[in-house]
Amino acid sequence: MIQALASTAERDKEGDESGMRVTEHPILGGLTPGRVVQIVVDGKKIEAREGETIAAALLAAGIRVNRYTSKRHEPRGLFCGIGQCTDCVMVVNGVPNVRTCVTPVASGMVIETQHGSGGRAESDEEV
Amino acid sequence: MAVVGAGPAGLAAAIEAQKRGLNVLLVDMNLKAGGQLIKQIHKFFGSHEHRAGTRGIDIARDLYEEAVSSGVEVWLDAAVYAIYPGPVLEIARGILATRTASKEMVHASRVVLATGASENAVSFPGWTLPGVMGAGAAQTMINVERVLPGKRVLMVGSGNVGLIVTYQLLQAGAEVVAIVEVAPKIGGYGVHSAKVRRAGVPILTSYTVLRAFGDRQVEGAEIVAYDEHHNPIEETRQFLDVDTICIAAGLKPYAKLAALAGCELIYSPVLGGWMPVHDENMHTSVPGIYVAGDLAGVEEASTALEEGRLAGLSAAESLGKGGPDAADEKESIRERLSMLRIGPFGKARADAKSEVIKVGEKICRAG
Amino acid sequence: MPRGLTVDGFPTEEELKKSPGYPSEERFKRGPVAVVECVQEIPCNPCELACPRKAIQVGVPITNLPRLDEEKCTGCGICVARCPGLAIFVVDKTYSDKEASVSFPYEYVPLPREGDVVLAVDRAGSVVCDGTVLRISNPKRNDRTAVVTIAVPKGMADEVRGIARIRGERIG
Ligand SMILES: Cc1cc2nc3c(=O)[nH]c(=O)nc-3n(C[C@H](O)[C@H](O)[C@H](O)COP(=O)(O)OP(=O)(O)OC[C@H]3O[C@@H](n4cnc5c(N)ncnc54)[C@H](O)[C@@H]3O)c2cc1C
Ligand code: SF4
Ligand code: SF4
Ligand code: FES
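I will try to describe carefully the structure that is included in this document. Quantities reported herein were computed from a predicted structural model and do not represent experimental measurements. By convention here, each chain's residues receive numbers from 1 onward along its written sequence. Lettering of chains starts at A and numbering of ligands starts at 1, both following the order in which they are written. For a predicted model such as this one, the threshold for reporting local features is a pLDDT of at least 70, and the threshold for listing and counting side-chain atom pairs is 80 or more; totals across whole chains, interfaces and linings nevertheless cover every residue. Only hydrogens and water are set aside when side-chain values are computed; all heavy atoms of the structure are taken into account.

Another aspect to go through is the site of ligand 1. All names here are of chain B. Working definition: residue near molecule or strand if any one of its non-hydrogen atoms lies within 4 Å of it. The immediate surroundings of ligand 1 are formed by 33 residues, with D28, Q36, F45, D294 and A301 found nearest. Q36 places a main-chain nitrogen or oxygen 2.8 Å from an oxygen atom of ligand 1. One of the backbone N or O atoms of E299 is found 3.4 Å from an oxygen atom in ligand 1. Alone, ligand 1 offers 1,000 Å² of accessible surface; in the complex the protein occludes 93% of this. Pairs of N or O atoms within 3.5 Å make up the polar contacts considered here, provided that, within protein, one atom can donate a hydrogen while the other can accept it, and that residues adjacent in sequence are counted only when both atoms are side-chain atoms. The protein chains shown are the only cover counted for residues, whose accessible areas, like all others here, come from Shrake-Rupley with a 1.4 Å probe.

Looking now at the interface of chain B and chain C. The accessible area lost on association of the parts is a frequent measure of interface size. Pairs of residues are marked as contacts when any of their non-hydrogen atoms sit within 4.5 Å. Listed by partner, the interface residues are 39 residues for chain B and 44 residues for chain C. Buried area is calculated as the accessible area (1.4 Å probe) missing from two parts once they are joined, with the contributions of both summed. Here chain B packs against chain C, burying approximately 3,400 Å² in sum over the two surfaces, 52% of which is carbon and sulfur. Salt bridges are defined as contacts in which a side-chain nitrogen from Lys or Arg sits within 4 Å of a carboxyl oxygen from Asp or Glu. Where chain B touches chain C, the interface holds 4 salt bridges. A salt bridge links D58(B) to R144(C); its shortest N-O distance comes to 3.0 Å.

The next subject is the interface of chain A and chain C. Taken residue by residue, the interface counts 4 residues in chain A and 4 residues in chain C. Buried area between chain A and chain C, both sides added, is near 390 Å², and the carbon and sulfur share of it is 69%. If you look at where chain A meets chain C, you find 0 salt bridges. Taken together, chain A and chain C are joined by 1 residue pair in polar contact (both at pLDDT 80 or more).

It is worth spelling out helix α8 (residues 301-318) of chain B at this point. Residues and elements named next belong to chain B. The terminal C-alpha atoms of α8 lie 25 Å apart, and with 18 residues this matches the ideal 26 Å at 1.5 Å per residue to within 8%. Counted residue by residue, α8 has 15 buried out of 18 residues, so it is predominantly covered. Working definition: helices are DSSP H or I runs of at least four residues, strands are E runs of at least two. Numbering for both runs from the N terminus. Two residues or fewer past α8, G320 is found with a positive phi of approximately 75°. Here a helix's expected span is defined as the number of its residues, less one, multiplied by 1.5 Å. Burial status follows relative accessibility: with a 1.4 Å probe on protein chains alone, a residue under 20% of its type maximum counts as buried, one over 50% as exposed, and anything between as partly exposed.

Below, the structure written as structure tokens:
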């Protein structure tokens, strides 16, 4: 489940709190250090690599649930990975229905788990 | 001319047409050009004339550089939403990078659609849980984003995609607990299955996934074998300790845009399902619109490249820019295509393609 | 009971021996030679271009099975890294009195080191014996496919086709 949040200092050291980053690769080589940006997910600060998608940053932090459906409140996460299925949508900087699998992170981005259609007045419509 | 989709088919079409003197605009909704190739880190099988033996990512980079240096204008992060008679393309630019789209209407004399394919889903209890995902999504995560989608994976489907993504999950450091295949035989090439077997991954034929367990995300899977009458064999029912289930149940032509543009579709099970009808010049039933690559039947990068060339050349020719060698060149492309469609895997595709083209010759007047 | 390539996922001895890419026992006795384990008619031919001695032929159509000319093949191993199917090996049954050597493509990290004792696996991925790493070759032309050569007991030369992936702690 969601990883206990390590202190910022520890994360800086590790850079990969859940061990999900592919740091060494026989074909792609070592992961280049890259710029780290801070994003806020459901109120918690996490670190992301500049240029990666929101969904990737969340998976790297051990977060797999992106939204809950409106009627049955079932969890949904990354499914198609190419912006087609809408399973991965979240509320980004207050805007609902952002496809996190194709949207890159940006410094200071505020991301929230989406409930239902993500609007203020929760509708019963399936997203 | 406008080309939609910067995979191998679209890139080849754009290069060919630009070289013959057309002004080509190539658009892709992704932030990177290359289509499927940007996540294919393996050395491609196929003919060395089509760069087989080279890794897909490197083929993509080279094609993209060739397109740009030959003068093709490329718009990335540009999604084509609709095509109106004209043809006029409605394009939303910048959604991904800026999250605010600007809408552009582009008039083109000719359009090549090369939108590729999308993955088939399979449903079973629990299939909507986070942790169940398409093999393509997992592949993007490991090879493009460099993040593991999970640590212990069950792969569903033993076609080339299932086998190759399994291999790449191992390379990225995940464990693939098993590959289950509902058919009695492995779907993909033997060389691919042999390398994952050698790496210790069992391939369970005549097996299926019954359900995914988990409360908020995948915490396990149950699989079972089928007998020859398609009944589950109770003793084989087993629980697998996995956190991820990848679905590799085949690809289907991504024909939404072609359908919106009014292209007549035809159903071809061998080529992946509904796809636009086309003639032997890759021209569809809508004047001025051509198709190529996986959209015109799910095949391989080498066939996508040749079809792209053929579409780009035919479009140029229809505008009087084919050049003196156009007819010969088309003949040799068709020749190479037919060479790629032989053998136990290719024969069925060759037959299906000629069915499509037979219908196409009737309803697709050359643009 | 082996059930064949399309069920087990790897070729049986029978499937291999009747394919044109498998060297004869006489040839094995004369030193290192390529073993091309590609027994399905797929559209593929990089091996043909890879061999500087033209010892592998696919020809036209491209779905022909690769044919090994065992007289021309010197067992140099260049083709091993070039085959996208990772289906070519070099076996030297004359390596020493008691041992044979097997070279295979290896695309995982970490790589083993020379002298390491590793777990040798057969085509099914089962550990069948220990092996000793003799060489790791990964020049630029291999395009990131390392070729590892290990020594194994002579009797295992037809079985061993790789090593167990090295995870975490190194063995040996
Ligand atoms: C795991 C895997 C392994 C493979 N291995 C091999 C191999 O070894 N050898 C081989 O020959 N082939 C291989 N293939 C097949 C090969 O990758 C495909 O056949 C080939 O990429 C198809 O090319 P394409 O140009 O038709 O489509 P794609 O490569 O899918 O490109 C389509 C492009 O269109 C864009 N697009 C779609 N809709 C729109 C729109 N509305 N607006 C803007 N852009 C749009 C997409 O973003 C995408 O970039 C493999 C495929 C997979 C999945
Ligand atoms: S081992 Fe060397 S000589 Fe033999 S087939 Fe391979 S490349 Fe040719
Ligand atoms: S390159 Fe490898 S997979 Fe391709 S035909 Fe040759 S031996 Fe078979
Ligand atoms: S996972 Fe399907 S849209 Fe993002």
